[in-house]
Amino acid sequence: MKFEFKSIAVEDLQFKLNRVKFAPNERLDIKPQFSRQVRKVAGNDKLIFVALSVKIESTDAEPKPFDIAATYVGVFEVSDMQGDDERKFVIEATGLIYPYLRAGITNLTSSAYIAPLNLPIINGPIFPEDRQTYAFSVDSSDLN
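Caption draft 1: Structural context of the overall build of the protein. Per the secondary structure count, the protein includes 1 helix and 4 strands. Reading the secondary structure of the protein in the N-to-C direction produces β-β-β-β-α. Its C-alpha radius of gyration of 19 Å places the protein more than 25% over the 15 Å reference for a compact globule of 144 residues. Across its three principal axes, the protein shows a C-alpha extent of roughly 55 × 55 × 20 Å.

If you want it as structure tokens, here you go:
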């Protein structure tokens, strides 16, 4: 399989400041929610769009100082895809788009004149379903 990263664009970028009071030294748990969508162009099997989204929303149960929704779309040209190549491509494409999304969120929050939000640096697959194995395993004989 071969693929070429053609371009990236922002499809959605939203920020809303919430007037929420927090106690001094209260720890905020931001909990970003990631999602991904893969779209193929009808009539052109080689062109694939991969959209990576992040959403942070305040709720009554878990108030947040802001709401964010962002979607970045990467455009890829793929050739020689066979068998399990599509899954591998989607994982790699997601990894290529993520740093752009991460930088965009940092820039968005700093442009809103609040402390910049830095999403975590992720080495390897972002989504649990993309991981083939756990980082480690425990043999029952190690527990004795």
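Having seen the model, we can carry on.
Caption draft 2: Quick look at helix H1 (residues 85-111). With 27 residues, H1 extends 39 Å between its outermost C-alpha atoms, agreeing within 8% with the 39 Å of an ideal straight helix rising 1.5 Å per residue. At Ile97, H1 shows its largest kink, close to 30 degrees, and the proline Pro99 lies no more than four residues downstream. Trailing H1 by a residue or two, Tyr113 shows a phi angle of about 60 degrees, which is positive.

Caption draft 3: Representation of the environment of Lys31. Tracing the backbone through its elements, the reader meets Lys31 in the loop between strand E1 (2-17) and strand E2 (33-41). Setting aside chain neighbours within four positions, we find Lys31 in contact with Lys55 and Glu62. Side chain to side chain, Lys31 and Glu62 meet in a polar contact 3.2 Å long.

Caption draft 4: Layout of the sheet that holds strand E3 (residues 44-56). Pairing is antiparallel in the open sheet, where 4 strands are placed in the order E1-E4-E3-E2. Looking at strand neighbours, the two that pair on one side only are E1 and E2, the edges of this open sheet. Shown here is a sheet whose adjacent strand axes are inclined to one another by a mean of 15 degrees, direction ignored. Pairing of E3 with strand E4 (residues 66-79) involves 10 bridges; the strand directions are antiparallel. By the bridge assignment, Phe49 is partnered in E4 with Val75. Across the sheet, H1 lies against E1, E2, E3 and E4, angled at about 145 degrees from E4, the strand it touches most.

Caption draft 5: Layout of the side chain of Thr109. Here Thr109 shows up in helix H1. Residue class for Thr109 comes out buried when judged on its relative accessible area of 0%. Polar side-chain contacts of Thr109 include one of 3.1 Å to the backbone oxygen of Thr106. Residue contacts for Thr109: discarding those within four places in its chain leaves Phe15, Ile68, Ile114, Ala115, Pro116 and Leu117.

Conventions used here
- Residues numbered from 1 in each chain as written.
- Predicted model: local features only at pLDDT ≥ 70, side-chain atom pairs only at ≥ 80, totals over all residues.
- Heavy atoms only, no water.
- Helix = DSSP H or I, 4+ residues; strand = E, 2+ residues; numbered from the N terminus.
- Rg over C-alpha atoms; globule rule 2.2 N^0.38 Å.
- Expected span 1.5 Å × (residues − 1).
- Bend = angle between axes of the 7 residues up to and from the residue.
- Contact = heavy atoms within 4.5 Å.
- Polar contact = N/O pair within 3.5 Å; in protein donor to acceptor, adjacent residues only side chain to side chain.
- Pairing = 2+ DSSP bridges.
- Axes fitted to C-alpha atoms, helices over the stretch in contact; angles between N-to-C directions.
- Buried < 20%, exposed > 50% of the residue type's maximum accessible area, 1.4 Å probe, protein only.

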